[in-house]
Amino acid sequence: MKLLLILAGVLTIAQGRLLQASVDTSYPLIQRLRSKDIVSAWGIYNDDSTSKFNLNIMGEGDVFLLHIDFRPYLKNSAGIGPIVLNNRINGQWVSEIRPEFDYGKFKKGQLFKVSARLRRKEYVILFNDEEVGRFPHRIDISKATRAVLYGGSNGFTWVAIDLPDRSGLPLLKSSSLGSIVLKPGSLISARGLYAAQSAKFSVNLRMAVGGDFMIHVDFRPPPHEGKVVLNSMLNGGWQTEIRTDLPSFNNGDVFQVDIYCGFDRFYIYHNFLQLKATFPYRPSFKLGDVKVVDLIGGSNGFYWSEDRVVVA
């Protein structure tokens, strides 16, 4: 699932939960953690000369509820080494749990993802969405107030973090708009994390699941042609393309795409800057008949934000 905000009115900044991040920065939680929540962070690995680096769920002061520490310098000749899991309270580390990890999974210059999925009695630790360890709740998760990224050197960088954000808004469990009816003034926003050499990726307004496209906004970064391609699909056939310049995307950048519904056309924005081309409403399509918003594509660690939210 992907993050989508549909707002009535003028173009405004959509507050997503996927954030650009950096080392030694505290990211406050906007609500108490609970079972099934996920805290994720992304970094770009350079080489094995980096110092240790870690994702932390923390409370007030120096309280660490969860410390997920990668230490490449401890790997053996086969590339296997520990991930160090621990917690800290009253200024003291408690006792480590050290699951084995294949440090060969890190690739120079590529995005990686580390996550903590909360369960009722434990955290499940994930690397690129695969389980690599577990750690018990030694401190009540209600004490968590922030997430912090530490460590890394010699070209290593933390680039993004994704925090739970229920915000009292209704969550869609699929791409269906349900009872939401698009109209002039509606805004569709999607937030993602770009990865270098990604396959093309798109934001799409469709008339049904698997159905025709009223608009297909297709970003084609290098090694593709370096354009944004706008089109529609009627009765299973693509219509005439409109091509416009591709905005700038950098490895590890969080970005936002907005589609603003005007009276007779769509206006498309990247990071709140309008693309040069607009896309007129074509015959045989009615804005109010759009039923599905699909976020498609991306590779090499590219990520569409996981939760979908709709605001009437």
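Before any of the text, the structure's been laid out above.
Given the structure is predicted, the values throughout are model-derived calculations rather than measurements.

**Student:** Just to check I follow, could you spell out the environment of Lys108 for this structure?
**Tutor:** Within the element layout of this structure, Lys108 appears in the loop between β9 (100-102) and β10 (111-118). Along the sequence, Lys108 and Tyr45 sit 63 residues apart, while their C-alpha atoms lie 5.5 Å from each other. If near-sequence neighbours (up to four positions away) are discounted, Lys108 is found in contact with Tyr45 and Asn46. Within the structure, Lys108 has its side chain in polar contact with the side chain of Asn46 (distance 2.6 Å).

**Student:** I would appreciate a short explanation of the pattern of salt bridges in the present structure.
**Tutor:** A side chain with one charge can pair with a side chain of the opposite charge if their charged atoms come near. Within the structure shown, the criterion is met by 18 salt bridges. A salt bridge links Glu122 to Arg134; its shortest N-O distance comes to 2.7 Å. In this pair, Glu122 is assigned in strand β11 (residues 122-127) and Arg134 in strand β12 (residues 130-136), connecting sequence segments 12 residues apart. Given the relative accessible area of 22%, Glu122 is considered partly exposed. Among the ionic pairs, Arg243 bridges to Glu225, the shortest N-O distance being 3.0 Å. Taken together, the residues Arg243 in strand β20 (residues 242-245) and Glu225 in the loop between β17 (213-220) and β18 (227-234) connect sequence positions 18 residues apart. Residue classification places Arg243 among the partly exposed positions, given a relative accessible area of 43%. Several salt bridges converge on common partners, so that one network encompasses Lys200, Asp218, Arg220, Glu225, Glu241 and Arg243.

**Student:** Mind showing me how you'd approach the pairing of β11 here?
**Tutor:** The side chains of a regular strand alternate between both faces of the sheet. Most of β11 is tucked away: five of the six residues are buried. With five bridges connecting them, β10 and β11 associate as antiparallel partners. Bridging from a neighbouring strand, Ser115 pairs with Leu126 of β11. Linking two consecutive strands that pair antiparallel, namely β10 and β11, is a turn of three residues. Across six bridges, the pairing between β11 and β12 is antiparallel. Each residue of the ladder has a partner; that of Ile125, found in β12, is Gly133. In this antiparallel pair of consecutive strands, β11 and β12, the connection spans two residues, and Asn128 shows a positive phi of 50 degrees.

**Student:** How do you make sense of the pairing of strand β6 (residues 64-70) when you look at a structure like this?
**Tutor:** Counting buried residues along β6, seven of its seven residues qualify, which places the element largely inside the surrounding structure. In this structure, strand β5 (residues 53-58) lies alongside β6, joined through six bridges in antiparallel fashion. Pairing of Met58 across the sheet is with Phe64, part of β6. Linking β5 to β6, which pair antiparallel, is a turn of five residues; within it Gly61 sits at a positive phi near 65 degrees.

**Student:** It is not clear to me how the nonpolar core should be interpreted in this structure. Could you clarify?
**Tutor:** Most often, soluble globular proteins have nonpolar side chains that are buried together. Judged by nonpolar contacts, the single largest core of 44 residues is most densely connected at Phe266 and Ile268. The element that contributes the greatest number of residues to this core is strand β21 (residues 254-261), accounting for five residues. Beyond its immediate sequence surroundings of up to four residues, Ile268 is in contact with Ile215, Val217, Leu230, Val257, Asp258, Ile259, Leu273, Gln274, Leu275 and Ala277. Tyr27, Leu118, Val132 and Leu163 belong to the second largest nonpolar core, which has 37 residues in total.

**Student:** When you look at the packing of aromatic side chains in this model, what are you seeing that I'm missing?
**Tutor:** How two aromatic rings sit relative to each other is given by the distance of their centres and the angle of their planes. Under the criterion given, the structure shown has 38 aromatic pairs. Each ring, one from Tyr194 and one from Phe201, has its centre 6.1 Å from the other, and the planes form 55 degrees; the classification is tilted. By the burial criterion, Tyr194 is buried, and Phe201 matches it. For the pair Phe302 and Trp304, a centre-to-centre distance of 5.3 Å together with 80 degrees between the ring planes defines the contact as edge-to-face. The exposure class assigned to Trp304 is buried, which follows from its relative accessible area of 6%. Three or more aromatic residues joined by ring pairs make a cluster, and in this case those are Tyr45, Phe53, Phe70, Phe101, Tyr103, Phe106, Phe112, Phe127, Phe156 and Trp158.

**Student:** Looking at this model, I keep getting lost on the side chain of Ser189. Mind explaining?
**Tutor:** If you trace the backbone, Ser189 turns up in strand β15 (residues 186-193). According to the relative accessible area criterion, Ser189 is buried, its value standing at 3%. In this structure the side chain of Ser189 is engaged in a polar contact, spanning 2.2 Å, whose partner is the side chain of Asp258.

Reading the values: the criteria
- Residues numbered from 1 in each chain as written.
- Predicted model: local features only at pLDDT ≥ 70, side-chain atom pairs only at ≥ 80, totals over all residues.
- Heavy atoms only, no water.
- Helix = DSSP H or I, 4+ residues; strand = E, 2+ residues; numbered from the N terminus.
- Contact = heavy atoms within 4.5 Å.
- Polar contact = N/O pair within 3.5 Å; in protein donor to acceptor, adjacent residues only side chain to side chain.
- Salt bridge = Lys/Arg side-chain N within 4 Å of Asp/Glu carboxyl O.
- Buried < 20%, exposed > 50% of the residue type's maximum accessible area, 1.4 Å probe, protein only.
- Pairing = 2+ DSSP bridges.
- Core = buried A, V, L, I, M, F, W, Y, C linked by side-chain atoms within 4.5 Å.
- Phe/Tyr/Trp six-rings, centres within 6.5 Å; stacked < 30°, edge-to-face > 60°.

So, to be careful, I would describe these as geometric facts and stop short of saying anything about function.
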